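Architecture at a glance
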Amino acid sequence: MHDEGYPVAVQQLRAALSREFGGLIGMTDFPSAVPDPSRERAFLSRALAAKAVSVLTDRDPDEAAAAVIDGAGDMGIDAVAFSIATPELWLIQAKWSDHGTAGISADDTDRLIHGLRLLTNLRHRDSNARFQHLAARVDDVLASPDCRIHLVLAVTGDGRLAPAAETALTRSVAEFNDFGELVDFRSLALADFHAAVRQDVSPNRFSVTATMADGWVAMHHPYETYMGAIAADELAGWYEQHGERLYEGNVRRYLGMTKVNQELVGSLISDPDHFWYFNNGVTVVCDDVRPHYFARRTAGQPVRLELTNAQIVNGAQTAASAYHAFRQAPEATAQARVMLRVMCVKDAPDGLARSIAKASNTQNHVEPRDFVALAPEQALIRDDFAHTLGKSYVYKRGELDPSPASGCSIVEAATALACAHRDAGLVARVRADHDHLWRSGPDGAYTKLFGRRPTALQIWRSVQLTRAIGQALEDTSDTLSGRDRALTGTGSLLLNHIAFRLVGDDDIDEPGDAWQSRANAVAGRMGTIVPLLTRLLADIYGERALLSRVFSDAGRCRQITAAALDTLAAEGLSNSPVLTSPDHRLRPSRRRPSSVRLLVDHRRIKDGARLVFRTTTRPEEQALGEWLGEDPRRYLATWVNDAGAPLIWAVDGARYSPSGLVMRIWQEAEWAEAPVAVQGPRCWVLPGEGTLVELAEELVADGAAGSGDDVRGS
């Protein structure tokens, strides 16, 4: 095809696309080797989509070409691209015009939105083979609570949308963003592509300055190296001026406002004087260093270093976070200091800069769960597992996890306890950020799960139920498709939580088989719960709601859980006698009778005896003390020799198990940080004689429960 009369920018872009993507773009649907104008236009359109991938995600030509899915069955999408490090997705539609006049019509945007809806509803089984190679990764991104989707219209034109196209696209994007920022859109015009091509031919070199006024050290062998502190606002200026170009040599780019980066920004703003102590700093490689001294030319004296062709190889998150902090609080950010290490690698062997980048970013780092291993209750739980259950409990990272039959890890335990917690909002926060499990304090999960140390039996049963539910969901997913199938993965934590609510937790720590029987029944019905939850989600939030966003929102998880439990109760599931298949069945217990069973069987306490509630931990006393003191009846219960519900509460005259009444008291007192479960018999005292557990232990000591038995609370 002759180029005479075509704009110079189009001619240069055509030549660049042919050089960069010739032989890489799939053209098997145009088999003819004879020059064909339609084949040429298709190639240029696909190559333009690939170039958009390269511009937006910094992928090399091979990877960018592999992202192109244009052709029959492409769902209106020409290319699908992914972020290297974050759950981001680019859906690209490209249009080529030899004259540089390609426009964006309402039909173009409608096709792109149609493709977006198919992907978010997981209805892409009929898409072409090119997309199927990417489908699993698309589903993984959409399953992330931090997912972002970017719609991109790439054209060899001015990039302006027709009014009808802009109106329709804006309206559709707003619908998807009902659950928070999820979808945005932009166009890439001829000018953007032409600039990218020129940049490829002649990449710009740039310099930054680093002012070390508080002392520094230098080494000149084998490579010129400087180490010192710079002001955080100077680092912010680097990012403001050069952006992502600073990270060309880094193994990862800025990851966005992750939890860690939010904490970095918060630390810079709220405690700038201590930021130096909490942050690992920034490592830079460059081609040349030119020091400019303010006074004496002596090491350690104030100096401004001019760094030519500087690249941040470690500390990308710190640099970008400094920029975001500076925009919010410039004065505070200016007070903070950041450790800077500069290495001049101009004369170094090839590959040294890349090796430095790799080594700087792959060193072992401390994770939040590592600090939990120092908590004394974890060692006590390990001992409880060993002595009570004869099983292993691993809580230190690096230790080998036990086999499923022989024990569990702290990760499995904490996840199961979170699912068992009465507040569905907790699993939403864990779904959004798994490290939430290890955070202490009022907003963290760790205090709620382990603050009042759970027993080994409680943890083990919780783990067993989550395993059974997991296996049931895996088996069920093989028979499902679309959103039903996605729900078994994305919604697994909430499904586990609903299962725990159906089973109940007031007797989870009792050694008998009642709790296990209910657990078996619920696990066996997961196949009916999944489609029910899908229907409720559609009824409440609509079919376009992204599942990962719903299941990461505490309020929505509470709402959908309440709706599910109400519906299931109406259908009689909570009283279902149906047990699960052998694959999902929890093994029956062979343990000794519970404390309550022993006391009832031996008539140790007379009917009508008055029992008194007592708190057993300082947090519990602080949470309940004032509420209990407002009405003395709240402390009191009457005993009846019924193993199922031996306590009559003085407040309402209703009957409870010891654990059930404690949890009712917690609920009435609105104790937000209450544990998942409780050993109720340790909380009820027969005045002058002891707790229910102590009375049961006396029976064991007298041989009433068989020699060698150890009575646990129930």
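A brief look at the structure comes next. Keep in mind that this is a model prediction, so the values were computed, not measured.

We now examine the overall build of the protein chain. Looking only at helices and strands, the protein chain features 29 helices and 20 strands. Burial statistics for the protein chain: of 714 residues in total, 52% are counted as buried. Restricting to contacts in the protein chain with at least 6 residues of sequence separation, those with at least 24 account for 71%. Roughly 32,400 Å² of accessible area belongs to the protein chain as shown, and the carbon and sulfur atoms make up 49% of that amount.

What follows concerns the environment of Thr528. With respect to the element layout, Thr528 can be found in helix α23 (residues 526–541). Put simply, Thr528 and Thr476 are 52 residues apart on the chain and 9.3 Å apart in space, counted from C-alpha to C-alpha. Polar side-chain contacts of Thr528 include one of 2.7 Å to the backbone oxygen of Arg525.

What follows deals with the sheet that holds strand β5 (residues 207–212). Two modes of strand pairing occur in sheets, parallel and antiparallel, and in both the strands are linked by backbone hydrogen bonds. Here we have three strands laid out as an open sheet, ordered β5-β10-β9, and antiparallel in their pairing. One side of each edge strand has no neighbouring strand; the edge strands of this open sheet are β5 and β9 (288–293). Neighbouring strand axes in the sheet, compared pairwise and without regard to direction, differ in orientation by 20 degrees on average. By the bridge criterion, six bridges tie β5 to strand β10 (residues 303–308) in an arrangement that is antiparallel.

We now examine helix α22 (residues 514–523). A large share of α22 lies buried, amounting to seven of its 10 residues. For α22, the elements touching its buried residues are α19 (456–477), α21 (492–503) and α23.

Definitions and limits used
Residues numbered from 1 in each chain as written. Predicted model: local features only at pLDDT ≥ 70, side-chain atom pairs only at ≥ 80, totals over all residues. Heavy atoms only, no water. Helix = DSSP H or I, 4+ residues; strand = E, 2+ residues; numbered from the N terminus. Buried < 20%, exposed > 50% of the residue type's maximum accessible area, 1.4 Å probe, protein only. Contact = heavy atoms within 4.5 Å. Areas by Shrake-Rupley, 256 points an atom, 1.4 Å probe, with all protein chains shown as cover. Polar contact = N/O pair within 3.5 Å; in protein donor to acceptor, adjacent residues only side chain to side chain. Pairing = 2+ DSSP bridges. Axes fitted to C-alpha atoms, helices over the stretch in contact; angles between N-to-C directions.

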